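Residue-level listing of the chains:
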Amino acid sequence: MMYGRGACQLVKELSCSESGQLTAFNNDLFDRVIKECNAHHLELQSLMRKIQEEGLDIQTTRNADHYGAVIHHLSLVRNKRCLMAYVYNRAEIIQSLRWKVGPVLPQEIQKKLSYSEEEYFKNHSAALESYMSELELDLTVDMVPPKDPYIQVRVLDDIGEVLLSDQSSNLARHSMHFLKRTDAEQFISQGLMEELTG
Amino acid sequence: MAHYYDIDDILMEEQLVTVVFQKEANGVGLLDPGAETNRVEQGSKVEMPFWLAHELHQRQAVSVNLPPCFNQKTRKEIQADAACVDLRNRCLYFYELGCKIAPLVGDRTIGSFLLYTLTSRYKDVLSKSHTTVSREAPKLTKEETSLYETAQSSMIAFKKWRMGGPRFQRASILGRKRKPVA
């Protein structure tokens, strides 16, 4: 598998998953593409060495060795682009996780991240927290323009006794409550509550 | 730079095109499955991904052949009944590839052909998106599919606004609802 095929498969993984969903970080394929980059680099160097050993000018020579070297160089650059795109597009999704899911990631998502991605999430989260505490404003609520300050909710999973901004409630499964919208938002996006309408 | 990280741009450039080598190249025998040594001879016909063909063409090392999805046969089929042609099968990135390959093969008619194809199929794409429930549209290329899905989601958003209902949703990345263990 040479000439960018493996790298393209990495990018295909991104496109096959539903938008916004993450697959597990493909360490094997990632490492394999990096190995291919090294192989291309070695081939490139040996072809360039051959040109120099024949006493030709490396800058202007356009022989078979030159075109071979160009193809290896282009493959290397292509692999790099695919690797970068893989990391970048995943990073965008991970960034959005802090806003959609909250500061703590559920296990099912966490196991899909590589170690660097976990660190990235933690640091991004910490930067956001420090910014929000300086402003004394929670930016992650009101993601939908608010209509009422209070909403009706039904609890889906046992949350237990919780101290909210204006009351202390026992959020037991199946119980219904009239909560401040800003308190309820986080629970709803984590799937622990649902909004009741009508 | 906006396209560097773009997934569709990367995948589109992986489409295979046929080229004829104008110069020989050493050390890259893997490109040509018919090569006996580790070199590609001048005049060899090789299939390679578009990104490589494009770069080599700029360096005047290869000449690029017109992909079959833009040939006379396909053009006649589209003129006969554009909406019925399975473009997805012929070339998933039909329009994107057409735009990029036109200068490489020196064909000035591709532009108007692409425009004709899209306008003929557009009405069908739009009407199907408002009536069908399924997310997948067969026979549509990548660009047509994104038009289709955009039309569908705007329809869904309109209905949701019309009927009211819960505005706060569970985060989509969390996947389907797990049945809580009793």
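All values reported here derive from a predicted model rather than from experimental measurement. (Residues numbered from 1 in each chain as written. Chains lettered and ligands numbered in written order. Predicted model: local features only at pLDDT ≥ 70, side-chain atom pairs only at ≥ 80, totals over all residues. Heavy atoms only, no water.)

A word on the overall build of chain A
Working step 1: Helix and strand content of chain A: six helices and five strands.
Working step 2: Shown N-terminal to C-terminal, the secondary structure of chain A runs as helices and strands in the order α-α-α-α-α-β-β-β-β-α-β.
Working step 3: Here the C-alpha atoms of chain A give a radius of gyration of 26 Å, more than 25% beyond the 16 Å that 2.2 N^0.38 yields for 198 residues.
Working step 4: If you line up chain A on its principal axes, its C-alpha atoms span 85 × 35 × 30 Å. (Helix = DSSP H or I, 4+ residues; strand = E, 2+ residues; numbered from the N terminus. Rg over C-alpha atoms; globule rule 2.2 N^0.38 Å.)

Quick look at the overall build of chain B
Working step 1: Scanning chain B for helices and strands turns up seven helices and five strands.
Working step 2: Along chain B, helices and strands appear, N-terminal first, in the series α-β-β-β-β-α-β-α-α-α-α-α.
Working step 3: The C-alpha radius of gyration of chain B comes to 22 Å, more than 25% above the 16 Å expected for a compact globule of 182 residues.
Working step 4: Counting only C-alpha atoms, chain B reaches 65 × 50 × 30 Å along its principal axes.
Working step 5: By the burial criterion, 38% of the 182 residues in chain B qualify as buried.
Working step 6: Look at the contacts in chain B between residues 6 or more apart in sequence, and 58% of them connect residues 24 or more apart.
Working step 7: When the accessible surface of chain B is split by element, carbon and sulfur atoms take 56% of a total near 10,700 Å².
Working step 8: Counting 26 positive and 21 negative side-chain charges, chain B places the averaged centre of each group 13 Å from the other. (Buried < 20%, exposed > 50% of the residue type's maximum accessible area, 1.4 Å probe, protein only. Contact = heavy atoms within 4.5 Å. Areas by Shrake-Rupley, 256 points an atom, 1.4 Å probe, with all protein chains shown as cover. Lys, Arg positive; Asp, Glu negative; His and termini not counted. Charge placed at Lys NZ, Arg CZ, Asp CG, Glu CD.)

A word on the interface of chain A and chain B
Working step 1: Across the boundary between the two partners, chain A contributes 56 residues, which contact 41 residues of chain B.
Working step 2: Between chain A and chain B, roughly 4,300 Å² of surface is buried when both sides are summed, and carbon and sulfur atoms account for 64% of that area.
Working step 3: Counting the surface chain A buries against chain B, the share from its top three residues, Tyr3(A), Tyr67(A) and Arg81(A), is 17%.
Working step 4: Across the contact surface, chain A and chain B share five salt bridges.
Working step 5: In this structure, Arg78(A) engages Glu13(B) in a salt bridge whose closest nitrogen and oxygen atoms are separated by 3.8 Å.
Working step 6: At the surface where chain A touches chain B, the tally comes to eleven residue pairs in polar contact (both at pLDDT 80 or more). (Buried area = accessible area lost by both parts, 1.4 Å probe. Salt bridge = Lys/Arg side-chain N within 4 Å of Asp/Glu carboxyl O. Polar contact = N/O pair within 3.5 Å; in protein donor to acceptor, adjacent residues only side chain to side chain.)

A few points about the packing of helix α1 (residues 5–16) of chain A against helix α3 (residues 64–100) of chain A
All names here are of chain A.
Working step 1: At a closest axis distance of 8 Å, the pairing of α1 and α3 adopts a crossing angle of 20°. If you check the angle between α1 and α3, you find them roughly parallel. Between α1 and α3 lies a crossing whose hand is left-handed. In this structure, α1 uses Ala7, Cys8, Leu10, Val11, Glu13 and Leu14 to contact α3, whose residues at the interface are Asn79, Cys82, Leu83, Ala85, Tyr86, Asn89 and Arg90.
Working step 2: Looking at the contact of α1 with α3 residue by residue, the classes come out as nine nonpolar, two polar and two charged. (Axes fitted to C-alpha atoms, helices over the stretch in contact; angles between N-to-C directions. Parallel < 35°, antiparallel > 145°, perpendicular 65-115°, else oblique. Left-handed = near helix turned anticlockwise from the far one by under 90°. Nonpolar A, V, L, I, M, F, W, Y, C, P; charged D, E, K, R; others polar.)

Examining the sheet that holds strand β5 (residues 193–195) of chain A
Residue and element names in this part refer to chain A.
Working step 1: The three strands are arranged β4-β1-β5 in an open sheet whose pairing can be described as antiparallel. Each edge of the open sheet carries a strand with a single partner, namely β4 (176–180) and β5. The sheet shows a mean angle of 40° between the axes of neighbouring strands, direction not considered.
Working step 2: Pairing between strand β1 (residues 150–155) and β5: three bridges, direction antiparallel. Residue pairing in the sheet places arginine 154 in a bridge with glutamate 194 of β5. (Pairing = 2+ DSSP bridges.)

Topic: the packing of aromatic side chains
Residues and elements named next belong to chain B.
Working step 1: Enumeration over the complete set of coordinates arrives at ten aromatic pairs over all chains.
Working step 2: Ring geometry for phenylalanine 94 versus tyrosine 95: centroids 5.3 Å apart, planes at 90°, classification edge-to-face. Accessibility assignment for this pair places phenylalanine 94 and tyrosine 95 in one class, buried.
Working step 3: Of note, arginine 75 hangs over the ring of phenylalanine 113, and the distance from its end group to the ring centre comes to 4.9 Å. (Phe/Tyr/Trp six-rings, centres within 6.5 Å; stacked < 30°, edge-to-face > 60°. Lys NZ or Arg CZ within 6 Å of the ring centre and 35° of its normal.)

As for the sheet that holds strand β1 (residues 16–21) of chain B
The pairing of strands in a sheet comes from backbone hydrogen bonds and takes either a parallel or an antiparallel form.
All names here are of chain B.
Working step 1: Read from one edge to the other, the open sheet built from three strands follows the order β4-β1-β5, with strand pairing classed as antiparallel. Lying at the two open borders of the sheet, with one neighbouring strand each, are β4 (45–49) and β5 (62–64). Shown here is a sheet whose adjacent strand axes are inclined to one another by a mean of 40°, direction ignored.
Working step 2: As defined by bridge partners, β1 adjoins β4 across five bridges and the pair is classed as antiparallel. When the bridges of β4 are listed, valine 19 appears paired with valine 46.
Working step 3: Here helix α2 (residues 50–58) sits on the sheet and contacts β1, β4 and β5; the angle it forms with β4, its principal contact strand, is near 115°.

Some words on the environment of Ile173(B)
Working step 1: Within the fold, Ile173(B) resides in the segment after α7 (142–163).
Working step 2: Leave out the neighbours within four places in its chain, and Ile173(B) touches Gly20(A), Gln21(A), Leu22(A), Ile93(A), Leu97(A), Val101(A) and Ile109(A).

A few points about the side chain of Ser175(A)
Residues and elements named next belong to chain A.
Working step 1: With respect to the secondary-structure elements, serine 175 resides in the loop between β3 (168–171) and β4.
Working step 2: The exposure class assigned to serine 175 is buried, which follows from its relative accessible area of 19%.
Working step 3: Each residue touching serine 175, except ones within four places of it in the same chain, is listed here: Val153, Arg154, Val155 and Asn170.

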